[in-house]
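Geometric and topological summary
This is what each chain is made of:
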Amino acid sequence: MIVTSALIIWKGLMYVTGSESPVVVVLSGSMEPGFKRGDILFLHMSKDPIRTGEIVVFNVDGREIPIVHRVIKVHERQDTREIDILTKGDNNFGDDRLLYAHGQLWLQQHHIMGRAVGFLPYVGWVTIIMTEKPIIKYLLIGALGLLVITSKE
Amino acid sequence: MHSAVHRMNALFTFSVLLLAVLCGAASFLDAFTSPLSSSSSYVRADAQVLRVNRFRKQLNGNDEVSLNLNVSIDMRSLFTWNTKQVFVFLAAEYATPKNSLNQISLWDHIILDKDQANFQTKVNSKYPLIDQGSNLRGRKVDIVLHWHVMPKTGRMVRDKLLLSDFHLPEVYT
């Protein structure tokens, strides 16, 4: 029951937001004081072009973990409508060129996973704890399994 | 039947659900507080370019500009009980033969408190205005104020306001 409802909620969110991963957990303090470690962001991937000031989640080639930062520069091409984007963390001193792939100056549309539209504090700590202390995850799964077995009515 | 694990599970599920509902309710209520629904008319601001500090062509051929600006902002009306911070920035916006839109953040500031939301200051551009190419001589540039309201929980809101425009000089400094 718990598993299926979780799956339904996840797939439902995917459908509504149009993003492959509709929820992300903030892992670093680079957007403080806006977002702290452990906060949850709801993403939305619409057809609207990206503009400065928006907070986007992007993937960089060669990095596994997506990054959540603010767009500070946008250049939109006259003929092709392709865009070049530069991002920066609110709490970082410089822009993100050092985080991009070697020699990469701009992000393009295909790097962007979605833009942050909503915010829920603290809840992400659950997943952070589970990934960093796997033992707690196994204990929790074990306890839930036990619950399922014992709570037959 | 009512084991400790059972109770913990119920408590956890309930607390997460409660947090989600509160988050939704906060966004819902925010929609009714008038400043957010039509914020541009409630924000008073002005920004003028006082001086062009530097205007040159970089070695790679891109134009680079550094500006000195006078900024005054009154955003007190954006603060409600659910406002954590307002991220405000000035952007230079212009069009060139190559790019239909260029948006470049020049200066930004985080307002954490309603008491700090009304101020006037002279600033140098924090980030240089760098064009993709060499199209800036004599170019008309709009100075646009953008703001991004971050709630304690719920939906984030952003808006913008065109403040002024100016023409860059015809020659490099």
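In the nomenclature of an unreviewed UniProt entry, chain B corresponds to Signal peptidase complex subunit 3 from the organism Canna indica. Entered under Sequence similarities (unreviewed entry) in the UniProt record, the comment concerning chain B runs "Belongs to the SPCS3 family." Regarding chain B, the relevant UniProt record gives this comment under Subcellular location (unreviewed entry): "Endoplasmic reticulum membrane".

Under the annotation held in an unreviewed UniProt entry, chain A carries the name Signal peptidase complex catalytic subunit SEC11 and is attributed to Canna indica. The record in UniProt for chain A states the following under Subcellular location (unreviewed entry): "Endoplasmic reticulum membrane". The Function (unreviewed entry) field of the UniProt record for chain A holds the comment "Catalytic component of the signal peptidase complex (SPC) which catalyzes the cleavage of N-terminal signal sequences from nascent proteins as they are translocated into the lumen of the endoplasmic reticulum. Specifically cleaves N-terminal signal peptides that contain a hydrophobic alpha-helix (h-region) shorter than 18-20 amino acids."

1. Examining the overall build of chain A
Across its full length, chain A carries 3 helices and 6 strands. A buried classification covers 42% of the 153 residues belonging to chain A. Surface accessibility of chain A: about 8800 Å² in total, with carbon and sulfur atoms responsible for 65%.

2. So, the side chain of Arg77(A)
Within the fold, Arg77(A) resides in strand β4 (residues 67-77). A polar atom in the side chain of Arg77(A) sits 2.8 Å from the side chain of Asn99(B). Excluding anything up to four places from it in sequence, Arg77(A) contacts Glu82(A), Asp84(A), Lys98(B), Asn99(B), Ser100(B) and Gln132(B).

3. So, the packing of aromatic side chains
Summed over the entire model, instances satisfying the criterion amount to 4 aromatic pairs over all chains. For the pair Phe35(A) and Phe119(A), a centre-to-centre distance of 5.4 Å together with 20° between the ring planes defines the contact as stacked. Within this pair, whereas Phe35(A) is found in the loop between β1 (23-25) and β2 (40-44), its partner Phe119(A) is found in strand β6 (residues 112-120), the two being separated by 84 residues in sequence. Owing to a relative accessible area of 1%, Phe35(A) belongs among the buried residues under this scheme. The class of Phe119(A) is buried, set by a relative accessible area of 1%. For the pair Phe58(A) and Tyr100(A), a centre-to-centre distance of 6.0 Å together with 85° between the ring planes defines the contact as edge-to-face. With a gap of 42 residues between them, Phe58(A) in strand β3 (residues 55-58) and Tyr100(A) in the loop between β5 (83-88) and β6 connect regions that are remote in the sequence. Judged on exposure class, the residue Phe58(A) and its partner Tyr100(A) are both buried. Looking at Arg70(A), its charged tip hangs above the ring of Phe87(B), at a distance of 3.5 Å from the centre.

4. Quick notes on unusual backbone geometry
All names here are of chain A. Residue Pro33 is reached from Glu32 by a cis peptide bond, and omega for that bond is 5°. Relative to the helices and strands, Pro33 is located in the loop between β1 and β2. Residue Arg81 is not a glycine yet carries a positive backbone phi of 65°. In this structure, Arg81 sits in the loop between β4 and β5.

5. Considering the interface of chain B and chain A
In this assembly, 39 residues from chain B lie in contact with 36 residues from chain A. Where chain B abuts chain A, roughly 3100 Å² becomes buried across the two surfaces, and 58% of that area is made up of carbon and sulfur atoms. Sorting the residues of chain B by area buried against chain A places Gln103(B), Gln132(B) and Met156(B) first, and these three jointly supply 18% of that buried surface. Counting every contact that joins chain B to chain A gives 1 salt bridge.

6. Structural notes on the pairing of β2(A)
The side chains of a regular strand alternate between both faces of the sheet. Residues and elements named next belong to chain A. Bridge analysis of β1 against β2 gives 3 bridges, and the strand direction is antiparallel. Looking at β2, one finds that Val25 is bridged to Ile40. Bridging between β2 and β6 involves 5 bridges; their strand directions are antiparallel. Its bridge partner being in β6, His44 is matched across the sheet by Arg115.

7. Examining the side chain of Thr87(A)
One can find Thr87(A) in strand β5. With sequence-adjacent residues up to four places away left out, Thr87(A) is seen in contact with Val56(A), Phe58(A), His69(A), Arg70(A), Val71(A), Ile72(A), Asp95(A), Asp96(A), Tyr100(A) and Leu107(A).

8. Looking at the confidence of the model for chain B
Residues with a pLDDT of 70 or more make up 92% of chain B, whose mean pLDDT is 86. Taken element by element, chain B is modelled with least confidence in helix α2 (residues 34-37) of chain B, mean pLDDT 50, and with most confidence in strand β2 (residues 63-74) of chain B, mean pLDDT 94.

9. A short note on the environment of Asn118(B)
Residue and element names in this part refer to chain B. Tracing the chain through its elements places Asn118 in strand β5 (residues 118-124). Remark: the alpha-carbon pair of Asn118 and Arg44, spanning 74 residues in sequence, is separated by 9.2 Å. Residue contacts for Asn118: discarding those within four places in its chain leaves Ile73, Asp74 and Arg76.

Reading the values: rules and limits
Residues numbered from 1 in each chain as written. Chains lettered and ligands numbered in written order. Predicted model: local features only at pLDDT ≥ 70, side-chain atom pairs only at ≥ 80, totals over all residues. Heavy atoms only, no water. UniProt positions renumbered as here; feature names shortened; annotations may be inferred. Helix = DSSP H or I, 4+ residues; strand = E, 2+ residues; numbered from the N terminus. Buried < 20%, exposed > 50% of the residue type's maximum accessible area, 1.4 Å probe, protein only. Areas by Shrake-Rupley, 256 points an atom, 1.4 Å probe, with all protein chains shown as cover. Polar contact = N/O pair within 3.5 Å; in protein donor to acceptor, adjacent residues only side chain to side chain. Contact = heavy atoms within 4.5 Å. Phe/Tyr/Trp six-rings, centres within 6.5 Å; stacked < 30°, edge-to-face > 60°. Lys NZ or Arg CZ within 6 Å of the ring centre and 35° of its normal. Buried area = accessible area lost by both parts, 1.4 Å probe. Salt bridge = Lys/Arg side-chain N within 4 Å of Asp/Glu carboxyl O. Pairing = 2+ DSSP bridges. pLDDT = per-residue confidence, 0-100.

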